[in-house]
Each structure stands twice: as structure tokens, then as C-alpha cells.
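Here's the letter readout for the chains.
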Amino acid sequence: MSFLPASLARRVALFVLAAFFIGAGIGHFTNAEFFIAIVPPYLPAAAALVYVSGVFEILGGLGILHPRSRRFAGYGLLALLAAVYPANLHMALHPELFPDVSPAMLYARLPFQLVFAGAVWWATQPER
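Keep in mind that what you see is a predicted model, and the values were worked out from it rather than measured.

### Quick look at the nonpolar core
Then step 1. With 14 residues, the main nonpolar core has Leu17, Phe21, Ile64, Leu77, Leu81 and Val120 as its most contacted residues.
Then step 2. Counting only elements with at least two residues in this core, the list comes to helix H1 (8-30), helix H4 (67-93) and helix H5 (103-124).
Then step 3. Ranked by the residues each element gives to this core, the list is headed by H1, at five residues.
Then step 4. Leave out the neighbours within four places in its chain, and Leu77 touches Phe21, Phe56, Glu57, Gly60, Gly61, Ile64 and Val120.
Then step 5. With ten residues, the next largest nonpolar core counts Phe35, Ile38, Val39 and Ala87 among its residues.

### As for a nonpolar patch on the surface
Then step 1. On the surface, Phe29, Tyr51, Val52, Val55, Phe56 and Leu59 cluster together to form a nonpolar patch covering roughly 550 Å² of accessible area.
Then step 2. Ranked by residue count, the leading element in the nonpolar patch is helix H3 (residues 46-63), at five residues.
Then step 3. Summarising the element assignment, Leu59 is placed in helix H3.

About the thresholds
- Residues numbered from 1 in each chain as written.
- Predicted model: local features only at pLDDT ≥ 70, side-chain atom pairs only at ≥ 80, totals over all residues.
- Heavy atoms only, no water.
- Core = buried A, V, L, I, M, F, W, Y, C linked by side-chain atoms within 4.5 Å.
- Buried < 20%, exposed > 50% of the residue type's maximum accessible area, 1.4 Å probe, protein only.
- Helix = DSSP H or I, 4+ residues; strand = E, 2+ residues; numbered from the N terminus.
- Contact = heavy atoms within 4.5 Å.
- Patch = residues over 30% accessible without salt bridge, like charges linked within 9 Å, V, L, I, M, F, W, Y side chains within 5 Å.
- Areas by Shrake-Rupley, 256 points an atom, 1.4 Å probe, with all protein chains shown as cover.
- Salt bridge = Lys/Arg side-chain N within 4 Å of Asp/Glu carboxyl O.

What follows is the structure in C-alpha cells.
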């Protein structure tokens, strides 16, 4: 198994996804207040959830770059996307809490996350 997929599209997708998840994970530590604010109030320990999800975003982003961990990391990132979906939903349902973002943008994020999950799935599965 080579380090990089044969397909240029998959290689690009892996690097873009890795950069996104690593950057977002780092953001959970450098801009924690924002991420804590989007955690729905019915979830406990918002700060801990933000830091834990940040760690897993960084690990997933790094994990998809190596062929031995790529598939497992992809599954982990899919689980993470599902786990953070309530935060995106909370933002869309409560736009008054996020006056700097248009309500249309908050709703546009919801289906985009499904597209993003599809990209993670496609990029991390073995080529055939």
C-alpha cells in the first residue's frame, strides 16, 4: 500500500480534509469561547466537550494522512461530525445568539455537514 492514493482527487481531498480538521481542532483551543458558546445548553461540561472534540479533530486530521490509520480515522471523523451536529443545529435554531452570522448561513451549514461527511467517507475508503 503506497502512502498516497493513486487518484489525484483523493490525494487533494485528504490534504484538504486533514488541514480543515487539524485547523478546526487547534481552533478549539485558541478560540475556545466561540466553541463553548455553540454547545447546546442541554449538554453538560461544555468546555470539556470542546477540548475533547478538538483533540479528536486533530487526531483524525493526522490519522487520515497515513494509510494504516486512514480508514479508522475516517470512521472516527464521521462519528465526530455526527457528535457535533447538535451544535450546528443549536446555532441554526438560535440565530439571535450569533448576531455576526446570517441565519441563512447557519441553516446552510446543516446540509453542508452531510456533504462534508460524504467527502470524509469517500477520501478515506480504500481505492478499488
